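Each chain, letter by letter, is given below.
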Amino acid sequence: MDKQILIKYFKDFTRVYQKNTDIIKREVECLKVQYPFMFSTIEEGDLFVGKYEYPVVYFVPQTYSNRAGVGFAYVFDEVKYNELLQFDLSDIEKRELDELKSFWERENTAYKTRAAFSKEMQKALPTDNWIEEPGVAFPLYRMAGSILNYDFLLQNGISGILKIIEDKKKSKSEASVFNNGMITALDVFKSTCDYYALEIKSFSKNVKDKKYKEHLQKLHNSLIEIKTEKPKSLLAAIQLMFLYNSISGSLNYGRIDEYLSDFLIADLESGKITREEAQIYINGLWKMMIARNTVFDGRAIIGGKGRRNEKNADQFAVIAMEATRITNDILPQLTLRLYDGMNTELLEKAIDVIGEGNTFPMLYNDDVNINAVHKAFDISQKEAENYSPYGCGEYIIHNKSFGSPNGIINLLKSLEVTLNNGKEKITGREVGLKLGEAKDYKSYGDILNAYKKQTEYFIDQLALQQELGYNIAGETAPFLFLSILYDDCIENGKSIFNGGIKYLGGTLESYGNTNTADSFSAIKKLVFEEKVFSLEQLWEMMKANFVGYEKERQLMLHSPKYGNDIEIADSTAIDIHSHLCNYTRDQINKTSLHNYLIVNINNNANTVLGRTTLASADGRLENTSMANGNAATGGMDKNGITALLNSLVKLDSEIHAGAVQNLKLSKELFKKYKTKLIALLKGYFKSGGAQLMLTVLSKDDLKNARIRPELYPNLLVRVGGYSARFVELESDIQDEIISRTLY
């Protein structure tokens, strides 16, 4: 892009921000500068519009960079800023850019949140950089997981929503400023429709393919239509949803089969499109989602109880799964909600698609999850029917609740700090409670209770940090596009983080759960029951990374491990899990949050955090991966798949907001034993299994891909709550996936 255009954007965005002190007016004026500037032009083959790229400074509810924050965000890694500096700039231009950079380094929302930390929070959360620096707990600055009411959007259209806002403005005069802000935001949306309509006209002039040219004309007409009317076709409905999703900054798509299926069936029955054309449309939508590259997000939900027109929705769901099979990519994160009595075609189609090597759809069990969400979130069963997994596996209530995962806790590091009198070993930094050193704990109960107290200390600070983040976000901006499509905001005349929505909660990401449980199993057996060595001696072995202690390490590796349906190991895992989840859930008594819940999702953080975690009492070496999600440690589930599944269902699903169960299955299971496989999965779900994320491989695929990556460019694997191309992963993440048992 032209240097002057980029610099002008940076200066204009900053100028309107500085000029407007009212948060509603400021957001609107910044949005006018931001859009359609950040939207990309249409490219050959695109069936829809709405792709974008964030510039150096921008307004958004969630950013891709952990440290860039939420709301008014500045890219701290300076990639975008350096793009500006690569141009031939005058001294005056360089000075101007440096001044702008200096302003945003302190004005962005993440900085403001950090600056508001109490002294205790600063001690417990000394660093933001969980990727590189060791620590027990880390804050995240974001408002992740918004799932908007796209059904409300499509049923009313922009014009219908404007009328609802206008009517509410008349009945609630005190909310008129907020309502005017929403109206102006929707004007920005309409301007973007005009922008793309002109783009398509210009682009079409050079298109030779007659059929594609006809499609572009339909798309042009749809963009004009959705400005002033409700969408009348599947094409217009998809475009309205996707463009609004993009401009809002939301990264997930909710129950896509419910809100698009009626448009699909209406078009099919009227003869407006054929089923083949419908498939092409959904394939095209999938490609737009893929282009956004939202690796940790991009959930699209199909199936499940509580859909308005189940028969129509099921037809859409089958087409959606076929689109996933055809595109064969890591996005969108297609999720199938299953339940007893559902259309059997859906599970059969899912098994066929997964069996070809796709990692989607992910499978969620409504018969467990609806009741679990009802209890964990303390909401009605009817509301719980609208649970939606998002991101890497967290649950949210579709367009009714917000529960951004704004904190990380490493349980294995918490145990390490407990053994080291509150100090983090690598840095020597005092981050936790001074409860004693390894030699001071005289019984298993002593060390277990001290660990729990230590962990509670960090949970307390993370819950306060979550509440603070919402307060700062609410003081900074109304997040108009989110507020418009979140239930109750228009009705209440309040923005999403200022009392507008019904359920404002939070989630805490936990890592190292399995290794911590297995460590306590080993400590109980080897230290306090068999007295093979003391806890002080164990701590010395851990600090030495077991160098010179291989015999003792083997004893630890062969201690009972979670994932084998062994009572002693599984009961310890249940204890660690229950304490963590219940104490976290009780934070609602110390904050204004409606709910605060654990999510044991494990993206790649089990490996990243493992890089700065000492060796552990389960025999794991320092700087290596921890187990993923609720899974057994890689290769330690030695009693077969039934035993593993039996262990998984023992962890209470009614006290958290999502957990990951990853399984690595052979293609042979799908080809030769499909009937038995389906029976196994049904048995697991009937026994209380909440969900499964499957990676399907031939026996030596992963090892061969390490040797000849060029032969396996599209080998897809589940990392944690997200998928990736195996050959694109870092080597230690590859190692962790290879270590998992292949069934």
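Calculation notes
- Residues numbered from 1 in each chain as written.
- Predicted model: local features only at pLDDT ≥ 70, side-chain atom pairs only at ≥ 80, totals over all residues.
- Heavy atoms only, no water.
- Helix = DSSP H or I, 4+ residues; strand = E, 2+ residues; numbered from the N terminus.
- Rg over C-alpha atoms; globule rule 2.2 N^0.38 Å.
- Buried < 20%, exposed > 50% of the residue type's maximum accessible area, 1.4 Å probe, protein only.
- Contact = heavy atoms within 4.5 Å.
- Areas by Shrake-Rupley, 256 points an atom, 1.4 Å probe, with all protein chains shown as cover.
- Lys, Arg positive; Asp, Glu negative; His and termini not counted.
- Charge placed at Lys NZ, Arg CZ, Asp CG, Glu CD.
- Core = buried A, V, L, I, M, F, W, Y, C linked by side-chain atoms within 4.5 Å.
- Pairing = 2+ DSSP bridges.
- Axes fitted to C-alpha atoms, helices over the stretch in contact; angles between N-to-C directions.
- Expected span 1.5 Å × (residues − 1).
- Salt bridge = Lys/Arg side-chain N within 4 Å of Asp/Glu carboxyl O.
- Parallel < 35°, antiparallel > 145°, perpendicular 65-115°, else oblique.
- 1 Å grid on protein atoms, 1.4 Å probe; cavity = no way out; pocket = protein on both sides within 12 Å on 5 of 7 lines; lining within 4 Å.
- Points joined across faces, edges and corners; volume = space filled by probe spheres on them.
- Nonpolar A, V, L, I, M, F, W, Y, C, P; charged D, E, K, R; others polar.
- Disulfide = S-S within 2.5 Å.
- Polar contact = N/O pair within 3.5 Å; in protein donor to acceptor, adjacent residues only side chain to side chain.
- Arc of directions from axis to C-beta.

Visitor: Any chance you could explain the overall build of the protein chain here in plain terms?
Guide: Helix and strand counts for the protein chain come out as 31 helices and 17 strands. A globule of 743 residues ought to have a C-alpha radius of gyration of about 27 Å, and the protein chain, at 26 Å, matches this closely. Overall, the C-alpha framework of the protein chain stretches about 80 × 65 × 55 Å when taken along its three principal axes. Burial statistics for the protein chain: of 743 residues in total, 63% are counted as buried. The long-range fraction of contacts in the protein chain, counting pairs at least 24 apart against all pairs at least 6 apart in sequence, stands at 75%. On the protein chain, roughly 27100 Å² of surface is accessible, and the fraction owed to carbon and sulfur atoms is 49%. For the protein chain, the distance from the average site of its 91 positive side-chain charges to the average site of its 98 negative ones is 1 Å.

Visitor: Can you walk me through the nonpolar core in this structure?
Guide: Across soluble globular proteins, you tend to see nonpolar side chains buried next to one another. With 239 residues, the main nonpolar core has Y244, I256, L260, L285 and L535 as its most contacted residues. The biggest single contributor to this core is helix α18 (residues 444-476), with 14 residues. Residues within four places of I256 in sequence aside, it is in contact with M241, S261, L285, W286, M289, A300, I301, I302 and F316.

Visitor: Teacher, can you tell me more about the sheet that holds strand β13 (residues 596-599) here?
Guide: The pairing of strands in a sheet comes from backbone hydrogen bonds and takes either a parallel or an antiparallel form. Strand order in this open sheet of four strands is β3-β10-β12-β13, and the pairing throughout is mixed. In this open sheet, the two strands that pair with only one neighbour each are β3 (137-139) and β13. Taking the axes of each pair of neighbouring strands and ignoring which way they run, one obtains an average angle of 25 degrees across the sheet. Alignment of strand β10 (residues 405-410) against strand β12 (residues 506-511), held across five bridges, turns out to be parallel. Of the residues in β12, the one forming a bridge with G407 is L508.

Visitor: Even after reading the chapter, I still don't get helix α9 (residues 210-228), so can you show me in this structure?
Guide: Working note: α-helix, 3.6 residues per turn, so residues spaced by three or four point in the same direction. With 19 residues, α9 extends 28 Å between its outermost C-alpha atoms, agreeing within 8% with the 27 Å of an ideal straight helix rising 1.5 Å per residue. Along α9, the residues that are buried comprise Y212, H215, L216, L219, H220, S222, L223, E225, I226 and K227. Of the surrounding elements, those touching the buried residues of α9 are α7 (150-171), α8 (176-204), α10 (234-248) and α12 (275-292).

Visitor: Just to check I follow, could you spell out the pattern of salt bridges for this structure?
Guide: Opposite charge on two side chains makes pairing possible when the charged atoms of those side chains draw close. Enumeration over the complete set of coordinates arrives at 50 salt bridges. Here E430 and K123 are joined by a salt bridge, their closest N and O atoms 3.5 Å apart. With a gap of 307 residues between them, E430 in the loop between α17 (411-419) and α18 and K123 in helix α6 (residues 119-124) connect regions that are remote in the sequence. Note that K163 is salt-bridged to D167, the shortest N-O span being 3.0 Å. One end of the pair is K163 and the other is D167, both in helix α7 and four residues apart, which spans about a single turn. Classification of K163 as exposed rests on a relative accessible area of 52%.

Visitor: Please clarify how the pairing of strand β6 (residues 362-365) should be interpreted in this entry.
Guide: The two faces of the sheet receive side chains in turn, since in a regular strand these alternate between them. Side chains of β6 alternate between two faces, with M362 and Y364 and L363 and N365 buried alike. Where strand β5 (residues 333-338) and β6 come together, four bridges link them in parallel fashion. Each residue of the ladder has a partner; that of T335, found in β6, is M362.

Visitor: Is there a simple way to explain the packing of α17 against helix α22 (residues 513-529) in this structure?
Guide: Here α17 crosses α22 at 40 degrees, and the two axes come no closer than 7 Å. With respect to α22, the element α17 is oriented oblique. Residues L411, L412 and L415 of α17 form the contact with α22, whose participating residues are N513, N515, T516, S519 and F520.

Visitor: Got a minute to help me understand empty space enclosed by the protein in this structure?
Guide: To find the voids left in a structure, one rolls a probe of water-molecule size over its atoms. Counted under the stated rule, the structure contains five cavities of 30 Å³ or more. By volume, the largest cavity is sized at about 120 Å³. Contributing to the lining of the largest cavity are 15 residues, with A631, A632, D637, N662 and R740 lying nearest its centre. At three residues, strand β14 (residues 662-666) tops the list of elements feeding residues into the lining of the largest cavity. Taken together, the residues that form the lining of the largest cavity break down as five nonpolar, six polar and four charged. Lining the second largest cavity, in full, are N513, T514, A517, Y562, A573, I576, H577, N600, N630 and L651. Contributions of two or more residues to the lining of the second largest cavity are made by α22 and α25 (567-585).

Visitor: Would you mind showing me how to read the state of the cysteines here?
Guide: Cysteine pairs can be covalently joined through their sulfur atoms, and such a bond is termed a disulfide. Overall, the coordinates contain zero disulfides when judged by the stated rule. Here C392 is not disulfide-linked; the sulfur of C581 is the nearest cysteine sulfur, at 17 Å.

Visitor: Help me understand the side chain of S483, please; the structure alone is not making it clear to me.
Guide: Mapped onto the secondary structure, S483 falls in helix α19 (residues 480-484). Residue classification places S483 among the buried positions, given a relative accessible area of 0%. With near-sequence residues (within four places) excluded, S483 lies in contact with F178, P478, C489, S495 and I496.

Visitor: Please explain the environment of N399 as it appears in this structure.
Guide: With respect to the helices and strands, N399 occurs in the loop between β8 (394-397) and β9 (401-402). According to the relative accessible area criterion, N399 is buried, its value standing at 6%. Spatially, the C-alpha atoms of N399 and T633 are 36 Å apart, while their sequence positions differ by 234 residues. If sequence neighbours within four positions are ignored, N399 has contacts with I147, L148, N149, L485, Y486 and D487. Side chain to side chain, N399 and D487 meet in a polar contact 3.0 Å long.

Visitor: What is the right way to read helix α24 (residues 550-557) from this model?
Guide: Those residues of α24 that sit buried are R553, M556 and L557. The buried residues of α24 occupy one face: seen down the axis, they fall within an arc of 100 degrees. Elements in contact with the buried residues of α24: α22 and α23 (535-543).

Visitor: In this structure, what is going on with the sheet that holds strand β4 (residues 299-303)? I would like to understand it.
Guide: Here five strands make up an open sheet; going across it, the order is β4-β5-β6-β15-β14 and the pairing mixed. The strands lining the two open edges of the sheet, one partner per strand, are β4 and β14. Sheet twist, expressed as the mean angle between neighbouring strand axes with direction ignored, is 30 degrees. As paired elements, β14 and strand β15 (residues 691-697) share five bridges and run parallel to each other. Paired with N662 across the two strands is M693, which belongs to β15. Against the sheet, helix α14 (residues 344-355) makes contact with β4, β5, β6 and β15, and its axis sits at roughly 145 degrees relative to β5, the strand it touches most.

Visitor: I keep staring at the environment of Y259 and nothing clicks. Help me out?
Guide: Locating Y259 in the fold gives a position in helix α11 (residues 256-270). Its relative accessible area of 1% is what places Y259 among the buried residues. The spacing of Y259 and F316 is 57 residues in sequence and 10.0 Å in space, taken between C-alpha atoms. Excluding residues within four positions of it along the chain, Y259 makes contact with Y150, D151, L154, M241, Y253 and G254. A polar contact is formed between the side chain of Y259 and the backbone oxygen of Y253, at a distance of 2.6 Å.

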